[in-house]
Amino acid sequence: MSATTASLTHARLPRWAPVLVAVMALAVAGLPAMLRGWGPVAWVVLAVVLFLVGLPGWSLVVENRRAATDRLMTGLIWAAFGCAVMPLLWLVYVVVSTGAEAINADFLSYSMRGVIGDEQGGVYHALIGTVLITLAATVISVPIGVLTAIYLVEYGAKSRLARWITFLVDVMTGIPSIVAGLFALALVVLVFGPAFRMGLGGSIALSLLMVPTVVRSSEEMFRLVPMDLREAAYALGVPKWRTILKVVVPTSIGGVITGVVLAISRVIGETAPLLVVAGATDGVNFNLFDGRMTTLPVFIFSQYSLSTPAGYERAWGGALVLIVIVMVLNLIARGLGKLLAPPKN
């Protein structure tokens, strides 16, 4: 009797098979694209469809059904990833290519005071307003958010007050920005009068939008701290407040900083609440407690609403400056998170 052996392996496509299928898909899709005058987007879409059909089909013939399904799902995941990333890359490209023309030393150091028509104007006053208002909003919201998260994790447990605070934080997360601006405006009008506008009012409005994000992100970071660290501190006789200050907060400080930066990035582009309560001005104002202040989003809105070539150019330049500020904040947050994180064994 002849011995029969069952092979535990099956044929595999070469490693360069996806590249070959991708090149062929682009070539085949290029023919109808040229004949019908399609743009690059339609060409790429057709090529992706051909790739998603061709590679799993080849795999089904050479390999087996499971391998073909795996290649199909992998291709769909990469296609979904491309669909998600493409708008972001296109947005960055449009803002950089359009706004770079307006960026120069005068644009960053001049305000719009006395600027008429196509004269040289700048974003300096809006830049100062954005920094001051956002900084004040951060000073207001970060202590409130972090202390609230500490109470929810360390003291509240499953108490009724903790449940109500969690519910209210969830509700605040969905508050429209214009509602926060109207609340801050009502507060300013109640204290100073109906015609009064100031930058601190904008900071109050932004802090209402920042607090829920800070609370949620800090709460999750505090919950990730192992209970063993707390119990070890308690075993040594360390009080609870000191355990929180010396163990819990330092261990989670990287994630807390990241959450704060996410909250800042969430509000730094808000226009409606600042337009309502902080107003707009063409000059520089360093006083948060008196006078109108312009921020970059309000500057972009006002310049684009002029519907002039110079206004469009200034608006795109302001958008580029705003994106750069957000990027720098994220880089700083990552650096601080790594610097302040506890050392790894």
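What you see is a predicted model, and the numbers here were worked out from it, not measured in a lab.

The rules we used
- Residues numbered from 1 in each chain as written.
- Predicted model: local features only at pLDDT ≥ 70, side-chain atom pairs only at ≥ 80, totals over all residues.
- Heavy atoms only, no water.
- Helix = DSSP H or I, 4+ residues; strand = E, 2+ residues; numbered from the N terminus.
- Buried < 20%, exposed > 50% of the residue type's maximum accessible area, 1.4 Å probe, protein only.
- Polar contact = N/O pair within 3.5 Å; in protein donor to acceptor, adjacent residues only side chain to side chain.
- Core = buried A, V, L, I, M, F, W, Y, C linked by side-chain atoms within 4.5 Å.
- Contact = heavy atoms within 4.5 Å.
- Phe/Tyr/Trp six-rings, centres within 6.5 Å; stacked < 30°, edge-to-face > 60°.
- pLDDT = per-residue confidence, 0-100.
- Domains from an automatic or database assignment.
- Buried area = accessible area lost by both parts, 1.4 Å probe.
- Nonpolar A, V, L, I, M, F, W, Y, C, P; charged D, E, K, R; others polar.
- Salt bridge = Lys/Arg side-chain N within 4 Å of Asp/Glu carboxyl O.

Moving on, we come to the side chain of Ser 207. Relative to the helices and strands, Ser 207 resides in helix H8 (residues 199-223). By relative accessible area, Ser 207 is classed as buried at 7%. Within polar-contact distance, the side chain of Ser 207 engages the backbone oxygen of Ile 204 at 2.6 Å.

Most often, soluble globular proteins have nonpolar side chains that are buried together. Counting 27 residues, the largest nonpolar core has Ile 133, Val 146, Leu 206, Met 210, Phe 222 and Val 260 as its most contacted members. Broken down by secondary-structure element, the contributors of at least two residues to this core are helix H5 (124-156), H8 and helix H10 (240-267). A per-element tally of this core places H5 first, with eight residues. With residues up to four places along the chain from it excluded, the contact list for Ile 133 reads Gly 199, Gly 202, Ser 203, Leu 206, Leu 274, Ala 278, Leu 288, Met 293 and Thr 295. If you look at the next biggest cluster of nonpolar residues, it comprises 15 residues, including Val 95, Val 115, Val 123 and Leu 296.

The tally for this structure, following the rule as stated, stands at four aromatic pairs. When the centroid spacing of 5.9 Å and the interplanar angle of 90 degrees are considered together, the rings of Trp 78 and Phe 81 count as edge-to-face. Of the two residues, Trp 78 and Phe 81 are both situated in helix H3 (residues 65-99); the distance of three residues between them amounts to about one turn of the helix. Ring plane angle 40 degrees and centroid distance 5.7 Å describe the contact between Trp 90 and Tyr 93, whose orientation is recorded as tilted.

The pLDDT averaged across the chain works out to 85; a share of 95% of its residues lies at or above 70. Every residue in residues 1-6 scores below 50 in pLDDT, and together they form zero contacts with partners more than four places removed in sequence or on other chains.

In terms of domains, the chain is made up of domain 1 (17-102) and domain 2 (124-339). For domain 1 versus domain 2, the distance between C-alpha centres works out to 39 Å. With eight residues of domain 1 at the contact, the number on the domain 2 side is six residues. Here domain 1 and domain 2 share an interface that buries about 610 Å² over both sides, 85% of which is from carbon and sulfur atoms. In this structure, the connection of domain 1 to domain 2 is made through zero residue pairs in polar contact (both at pLDDT 80 or more). Partitioning the side of domain 1 that touches domain 2 into residue classes produces five nonpolar, two polar and one charged.

The subject of this paragraph is the pattern of salt bridges. Applying the stated criterion to the full structure yields seven salt bridges. Here Arg 12 makes a salt bridge to Glu 63, at a shortest N to O gap of 3.7 Å. With Arg 12 in the segment before helix H1 (17-36) and Glu 63 in the loop between helix H2 (40-62) and H3, the pair connects residues that are 51 residues apart, well separated along the chain. Salt-bridge contacts for Arg 216 lead to Glu 219; the nearest nitrogen and oxygen are separated by 3.0 Å. Separated by three residues within a single helix, Arg 216 and Glu 219 lie in helix H8, roughly one turn from each other. For Glu 219, a relative accessible area of 4% corresponds to the buried category.

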